Amino acid sequence: MIDKLEYTNKHELIFLDQTLLPLKEKYVKTKNYKDVVDAIVELKLRGAPLIGIAAAYGIVLGVHHYRTENRKNFEIHFHKVAESFRNSRPTARNLFYAIERMSRVYDENSGKDFIEIEDQLLREADAIFDEDVEMCNRIGVNGADLIGEKASVLTHCNAGELATGGIGTALGIIYTASKQGKDVFVYSCETRPLMQGARLTTYELEKNGIEFDLVIDSMAANLMKEQQIDCVIIGADRIASNGDVVNKVGSYSLAVNCAFHKIPFYVAAPGSTIDFDITSGDLIEIEERDADEIREIRGEKITGSVPVMNPAFDLVPASLITAIVTEYKVHYPPYNFGGVKQMFQSYIQTIRKDEE
Ligand code: MRU
């Protein structure tokens, strides 16, 4: 398993800088929560579940390295730290899921001494991390049933080890199917503009011994026409209760192409990605990123100061999704996650108990 992030007993966070992969494996060590916020903004730490885990540990760092005798100031500081993580990226539900859990633990313990509060917060961050590892494993097992004995799977962006606490979601299914002895070949889309598919997915497919070809994003439709794709599997940043999915920009066009070519289009994500309380994907905020991400490649200008649109994600309507794989089961349309919120929450309790 790739070591992507660790909170040490010296109260520092060590994480792999994903912007430098695959050319450099550089670990960053920090005691300052603001570095973690910046790392999320700059995509050194990325992928919906991983940024939730990073924010949880970032909050622990923020609390540990703050010195005050005054309870009111401590509380103001906690909320300031949580707020800066909330403002780091708007789209991935997992980030807010983690911050909500940390805030709940803070509220439940706010009367205790500072060391005890910090201890409880660290336990919660560890629980968020451990649960994500287990959710990935269960998604892998549930999703592997959808993969044939010999299959070509196309994926987009990186929804693997680097994006989660565990083996990944979309890629976790591929790793699990491969471990079961299935012959899986992957087409990894490059994922313009920041190349998570080219840089990160190929990096981890190589490490996991999975055969693949890297393809440019605009080749996907033609591969489908040539009958080289058995299914598409992607991850998700946020899923609405009606099954609409927001994921890396380019996901929508893959789903449209799958519908046209009658190829199954699967989404894999844990319950922590589901926004049970929103009814439609249209209500999900899509992050708009810096124009220079399009105008430049690795810091080199490829255009002048031309006008740019750079949404990080797009919306795949539920009607284009064949199935959504969670740690609980494989869900088929019509999706109604609002109606199963309690079920997911109690399932997470089960995962917790299994681990204890
Ligand atoms: O901008 P990124 O690299 O954080 O985008 C990541 C994705 O879109 C992933 O597909 C998604 O977070 C799911 S990760 C299991």
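Everything below is about the structure printed above this text.
Remember, it's a predicted structure, so these values are computed and weren't measured experimentally. (Residues numbered from 1 in each chain as written. Predicted model: local features only at pLDDT ≥ 70, side-chain atom pairs only at ≥ 80, totals over all residues. Heavy atoms only, no water.)

Asks: Please explain the layout of surface pockets as it appears in this structure.
Replies: Leftover empty space is mapped by rolling, across the atoms, a probe with the size of a water molecule. Here the largest pocket is characterised by a volume of approximately 430 Å³. In this structure, the largest pocket is lined by 18 residues; those nearest its centre are Pro193, Leu194, Ile297, Arg298 and Gly299. Put simply, the parts of the chain that give the lining of the largest pocket at least two residues each are α7 (196–207), α10 (292–295) and β12 (296–297). Taken together, the residues that form the lining of the largest pocket break down as five nonpolar, four polar and nine charged. (1 Å grid on protein atoms, 1.4 Å probe; cavity = no way out; pocket = protein on both sides within 12 Å on 5 of 7 lines; lining within 4 Å. Points joined across faces, edges and corners; volume = space filled by probe spheres on them. Helix = DSSP H or I, 4+ residues; strand = E, 2+ residues; numbered from the N terminus. Nonpolar A, V, L, I, M, F, W, Y, C, P; charged D, E, K, R; others polar.)

Asks: Teacher, can you tell me more about the sheet that holds strand β14 (residues 313–316) here?
Replies: In sheet architecture, strand pairing relies on hydrogen bonds along the backbone and comes in two forms, parallel and antiparallel. Read across the sheet, four strands follow the order β11-β8-β9-β14 without closing on themselves; strand pairing throughout is mixed. One side of each edge strand has no neighbouring strand; the edge strands of this open sheet are β11 (274–275) and β14. Summarising the sheet, strand β8 (residues 238–240) and strand β9 (residues 245–248) pair through two bridges and their orientation is antiparallel. In the strand pairing of β9, Arg238 is matched with Val246. Packing of helix α9 (residues 251–261) onto the sheet brings it into contact with β9 and β14, and relative to β14 it is tilted by some 30°. (Pairing = 2+ DSSP bridges. Contact = heavy atoms within 4.5 Å. Axes fitted to C-alpha atoms, helices over the stretch in contact; angles between N-to-C directions.)

Asks: Mind showing me how you'd approach the site of the ligand here?
Replies: The environment of the ligand is formed by 17 residues, the closest being Arg46, Arg89, Asp237, Asn247 and Lys248. Between Arg89 and the ligand, the recorded distance is 2.8 Å, taken from a side-chain N or O atom to an oxygen atom. A distance of 2.7 Å separates an oxygen atom of the ligand from a polar side-chain atom of Lys248. Look at the ligand: alone it shows 420 Å² of surface, and the protein chains cover 99% of it. Here the ligand occupies the largest cavity. Only α2 (48–64) and β9 provide two or more residues apiece to the shell around the ligand. (Near = heavy atom within 4 Å. Polar contact = N/O pair within 3.5 Å; in protein donor to acceptor, adjacent residues only side chain to side chain. Areas by Shrake-Rupley, 256 points an atom, 1.4 Å probe, with all protein chains shown as cover. Sits in = over half its atoms within 2 Å of the grid points.)

Asks: What am I meant to see in the pattern of salt bridges here?
Replies: The final tally for this structure, using the stated rule, is 16 salt bridges. The closest approach of N and O atoms between Glu42 and Lys44, which form a salt bridge, is 3.2 Å. Relative accessible area serves as the criterion here: at 24%, Lys44 is assigned to the partly exposed category. A salt bridge links Glu124 to Arg101, with the shortest nitrogen-to-oxygen separation between them at 2.8 Å. In this pair, Glu124 is assigned in helix α5 (residues 114–144) and Arg101 in helix α4 (residues 93–109), connecting sequence segments 23 residues apart. Neither Glu124 nor Arg101 differs from the other in exposure class; each is buried. The network of salt bridges with shared partners includes Arg89, Glu287, Arg289 and Glu293. (Salt bridge = Lys/Arg side-chain N within 4 Å of Asp/Glu carboxyl O. Buried < 20%, exposed > 50% of the residue type's maximum accessible area, 1.4 Å probe, protein only.)

Coordinates in, geometry out; function isn't part of it.
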